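Residues per chain are reported as follows:
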Amino acid sequence: MKKARVFVLVLVLLLVAAACSSDSDDTTTTAAAEAETTTTAAEAETTTTAAAEPMEIMVDYGVDLEAKTIAIGQLADLTSPAFSALVNPIMAGQEMYWDYVNANGGIGDGLMVEMETRDTQYDPELTAAAYAEIRDQVVAISHGTGSVANLAIAADLAEDSMILVPAAWYSGWTDTNIAPGIVHNGAPYCLESMSLLDWMAAESGVDGPTLAIASIPGDFGLDSMAGALLWADANDVEIVYDGSGLILPGQDNTPIGAAIAASGANLVFVTTTPTTFAEVYGTAVASGFEALWSGAGPTFNPAFIGPDSPIAAPIQRDWYGGFYIRAWDTESAGMTLVRQLYEEAGLDEALKDYVTMGVYEAMLVEQALRRAYENGDMTRKGVFDALYSFDSMDFMGIGPAETYTGTTSDQVQRSISVYRPSQEDLLSGGSGAATVDPDFVGPTAEAVDFQEACWTFELQRGWPGLRVRRPSSGDGSDARSSQ
């Protein structure tokens, strides 16, 4: 008689237990495990694989293991004239990517991500009020618009061990003594300036070029100007016009455009909002002035090269742009996914590179969440610690890898994507950015031993001038160790 073999799979369900920690609101949940029994009937042999040790997950705010949800915050400028045109596509990209994560099993044992978005209107007081509203509802914040607004809550973020991904590239984020909860990503404004000016100087072909600079006040403009000033100092380039901090949204900025034109500069670096840039640039080119122009990433808006734009032709001639992630026209696994999700979502966002930025921000927090789950600690502090354990965080080619361990100089991002504006690309369904180098590090930025922010608010008085904090100073200590 032949031996018959019957295989029986017995599933053992374990009860979920919750316990409060002694000093905080942390709770611990025991995740379900499985036991497998295989029986050979004729031989009466039984082999049992013992149940794995139950996985304990600590949680406090924003993670509900029973409801299987994770709440992630966004403090976004959705309606102000400053940056809402750029931020709304970022939010569309975040929503698109979190939907993708949820549709593919969520985080860990099926935890679904929910967005808690608040409109801050690029205002520090509104940002502080919005954070107070959601701080005990979320485990992390995947978007915060604007450095000044983010700095308004930096102390609270540090106290809460809350991470926030800023849509602002102030060099103070990598200087972790300033705001350890605000997560650096992308090249900071001052190193971006150095690389772009290295590129432009080479492209100009001019022996001994001259430089004109102008900006909005605050860290967005002045950290960028610090990079331009340090670049000029390092390369012995004469600054023929310094309008650092002089561009004021809502006021008449045409005199600044006229002053730039009168300077006769070969290179111009302007960092401001898109609306005020169009005013300054339009004034300068209307006088017949020609030079190579650039500025920090958010200065440029693809609307400048739209079919009805009066500056479309000259800006395609003059502008060299830089960005913190790769443009829509690049090829990588990540960009293929972004384009696929964009089509499936039926989005109609002209600012496609900012949709990609939203995916990038969400992907950063997603990786921290997944590691925190693997570590068994999805408290806010657990997510914070998980993020700052990454030696190299990969974005599937959407942007350069980020480092969150080691010295400050190890962590600072130096790579930018350099592009030229292209109306042809825009009208054919692209983002309007024609990539010329997706991973450029200029020699000046490469040489910087970055240890602290290039510009700080303590240096506001006495600006403009070369009174900036030089990146080679400082001890590079990391404030995260005290968190």
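Criteria and thresholds
For every chain, the first residue of the written sequence is number 1, and numbering continues from 1 onward in sequence order. For a predicted model such as this one, the threshold for reporting local features is a pLDDT of at least 70, and the threshold for listing and counting side-chain atom pairs is 80 or more; totals across whole chains, interfaces and linings nevertheless cover every residue. Neither water nor hydrogens contribute to the side-chain values; these are computed over all heavy atoms in the structure. Secondary structure elements are taken from DSSP: a helix is a run of H or I of four residues or more, a strand is a run of E of two residues or more, and numbering for both begins at the N terminus. For every residue, the accessible area obtained with a 1.4 Å probe (protein chains only) is divided by the maximum for its type, and the residue is called buried under 20%, exposed over 50%, and partly exposed between those limits. To measure how exposed things are, a 1.4 Å probe is used in the Shrake-Rupley method; for residues, cover is taken only from the protein chains shown. The axes are straight lines fitted to the C-alpha atoms, using for helices just the contacting stretch, and the angles between their N-to-C directions are given from 0 to 180°. Should an angle fall under 35 degrees it is called roughly parallel, over 145 degrees roughly antiparallel, and 65 to 115 degrees roughly perpendicular, with every other angle called oblique. A crossing counts as left-handed when the near helix is turned anticlockwise from the far one by less than a right angle, and as right-handed when that turn is clockwise. We call two residues contacting when some pair of their heavy atoms lies within 4.5 Å. For this classification, the nonpolar set comprises Ala, Val, Leu, Ile, Met, Phe, Trp, Tyr, Cys and Pro, the charged set comprises Asp, Glu, Lys and Arg, and every other residue, Gly included, is treated as polar. The pairing criterion is simple: DSSP has to find at least two bridges between the two strands. In this text, buried Ala, Val, Leu, Ile, Met, Phe, Trp, Tyr and Cys residues form a nonpolar core when linked through side-chain atoms within 4.5 Å. We define a salt bridge as a contact between a side-chain nitrogen of Lys or Arg and a carboxyl oxygen of Asp or Glu at a distance within 4 Å. Aromatic rings from Phe, Tyr and Trp, with only the six-membered ring used for Trp, were paired whenever their centres fell within 6.5 Å, and each pair was classed as stacked if the ring planes differed by under 30 degrees, edge-to-face if by over 60, and tilted otherwise. Per residue, pLDDT captures the predictor's confidence, and it can take any value from 0 to 100. When the strands point away from the viewer, a crossover counts as right-handed if the route from the first strand across the helix to the second turns clockwise.

**Side note on the overall build of the protein chain**
Now for step 1: When helices and strands are counted, the protein chain shows 15 helices and 17 strands.
Now for step 2: Looking at the 483 residues of the protein chain, the share that counts as buried comes to 57%.
Now for step 3: Of the roughly 19,200 Å² of accessible surface on the protein chain, a fraction of 50% belongs to carbon and sulfur atoms.

**Comments concerning the packing of helix 5 (residues 189-204) against helix 6 (residues 218-235)**
Now for step 1: Packing of helix 5 against helix 6 brings their axes to within 7 Å, and their N-to-C directions diverge by 45°. Between helix 5 and helix 6, the interaxial angle falls into the category oblique. Relative to helix 6, the crossing made by helix 5 is right-handed. Along the contact surface, helix 5 presents Y189, C190, S193, M194, L197, D198 and A201, while helix 6 presents D219, F220, D223, S224, G227, A228, L230, W231 and N235.
Now for step 2: Each residue belonging to the contact of helix 5 with helix 6 can be placed in one class, and the counts come to nine nonpolar, four polar and three charged.

**Some words on the sheet that holds strand 11 (residues 210-215)**
Now for step 1: Read from one edge of the open sheet, four strands run 12-11-13-14, paired in parallel fashion. A strand with exactly one partner marks an edge of an open sheet, and here the two such strands are strand 12 (238-243) and strand 14 (292-294). Sheet twist, expressed as the average angle between the axes of neighbouring strands with direction ignored, equals 15°.
Now for step 2: Two elements, strand 11 and strand 13 (residues 267-271), share five bridges in a ladder whose sense is parallel. Bridge pairing in strand 13 links A214 to V270.
Now for step 3: Docked against the sheet, helix 7 (residues 254-263) engages strand 11, strand 12, strand 13 and strand 14, running at close to 170° with respect to strand 12.

**Brief notes about the nonpolar core**
Now for step 1: Counting residues in each nonpolar core, the largest one holds 115 residues, and the members touching the most others are I70, L211, L369, M378, L387 and I398.
Now for step 2: With sequence-adjacent residues up to four places away left out, I398 is seen in contact with I325, R326, S332, G334, M335, V338, T356, V359, Y360 and M363.
Now for step 3: Formed by 28 residues, the second largest nonpolar core is a distinct cluster that contains I256, A291, F304 and I315.

**Focus: helix 12 (residues 380-387)**
Now for step 1: The buried fraction of helix 12 amounts to six of the eight residues, a majority that puts the element mostly inside the structure.
Now for step 2: Those residues of helix 12 lying buried are R380, G382, V383, F384, A386 and L387.
Now for step 3: Lining the buried residues of helix 12 we find strand 9 (140-145), helix 4 (154-160) and helix 11 (352-375).

**Some thoughts on the pattern of salt bridges**
Proximity of charged atoms lets side chains of opposite charge pair with each other.
Now for step 1: If you walk through the whole model with that rule in mind, you get eleven salt bridges.
Now for step 2: Linking D136 and R380 is a salt bridge whose minimum nitrogen-to-oxygen distance equals 3.8 Å. Pair noted here: D136 is in the loop between helix 2 (124-134) and strand 9 and R380 is in helix 12, with a separation of 244 residues, a long-range link.
Now for step 3: Among the charged side chains, a salt-bridge network with shared partners connects R135, D136, D160 and R380.

**What to know about the packing of helix 1 (residues 84-103) against helix 11**
Now for step 1: One way to put it is that helix 1 packs onto helix 11 with a least axis distance of 6 Å and a crossing angle of 45°. In terms of orientation, helix 1 lies oblique with respect to helix 11. Helix-helix and strand crossings are classified by hand; for helix 1 and helix 11 the assignment is right-handed. Side by side, helix 1 and helix 11 meet where L86, P89, I90, G93, Q94, M96, Y97, W98 and V101 of the first sit next to Y354, V355, M357, G358, V359, E361, A362, M363, V365, E366, L369 and R370 of the second.

**So, the sheet that holds strand 17 (residues 433-440)**
Now for step 1: Strand order in the open sheet formed by three strands is 15-16-17, and the pairing between neighbours is antiparallel. Edge positions in the sheet fall to strand 15 (321-323) and strand 17, since each has one partner strand and no second. Sheet twist, expressed as the mean angle between neighbouring strand axes with direction ignored, is 30°.
Now for step 2: Pairing geometry for strand 16 (residues 416-421) and strand 17, over five bridges, is antiparallel. Within strand 17, the position partnered with R420 by the bridge is A434.

**Structural notes on the packing of aromatic side chains**
Now for step 1: In total, this model carries 24 aromatic pairs according to the counting rule given.
Now for step 2: Ring geometry for F323 versus Y354: centroids 5.2 Å apart, planes at 65°, classification edge-to-face. Taken as a pair, F323 in strand 15 and Y354 in helix 11 lie far apart in primary sequence, 31 residues in all. The two residues F323 and Y354 agree in class, both being buried.
Now for step 3: A connected cluster of aromatic rings, assembled from ring pairs, spans F83, Y122, W169, Y189, F220, F323, Y324 and Y354.

**Notes on the confidence of the model for the protein chain**
Now for step 1: Per-residue confidence for the protein chain gives a mean pLDDT of 86, with 83% of residues at or over 70.
Now for step 2: For residues 29-52, every residue scores under 50 in pLDDT, and the model assigns this stretch 55 contacts once sequence neighbours within four places are set aside.
Now for step 3: In this model residues 473-483 is a low-confidence stretch, pLDDT under 50, and it forms 27 contacts with partners more than four residues away in sequence or in other chains.

**Concerning the environment of N301**
Now for step 1: Structurally, N301 can be placed in the loop between strand 14 and helix 9 (312-318).
Now for step 2: For the pair formed by N301 and L351, sequence separation is 50 residues and the distance between their alpha carbons is 8.1 Å.
Now for step 3: Once residues lying within four places of it in the same chain are set aside, the contact partners of N301 are A85, L86, P274 and L351.

**Section: unusual backbone geometry**
Now for step 1: Phi at K68 takes a positive value of approximately 60°, unusual for a residue other than glycine.
Now for step 2: Mapped onto the secondary structure, K68 falls in the loop between strand 6 (63-64) and strand 7 (69-76).
Now for step 3: Non-glycine residue M396 carries a positive phi angle of around 55°.
Now for step 4: On the basis of relative accessible area, M396 is assigned to the partly exposed category, the value being 34%.

**Some words on the pairing of strand 12**
Now for step 1: Bridge count between strand 11 and strand 12: five bridges; the pairing is parallel. Counted as the bridge partner of A214 is G243 from strand 12.
Now for step 2: Handedness of the β-α-β unit built from strand 11, helix 6 and strand 12 comes out right-handed.

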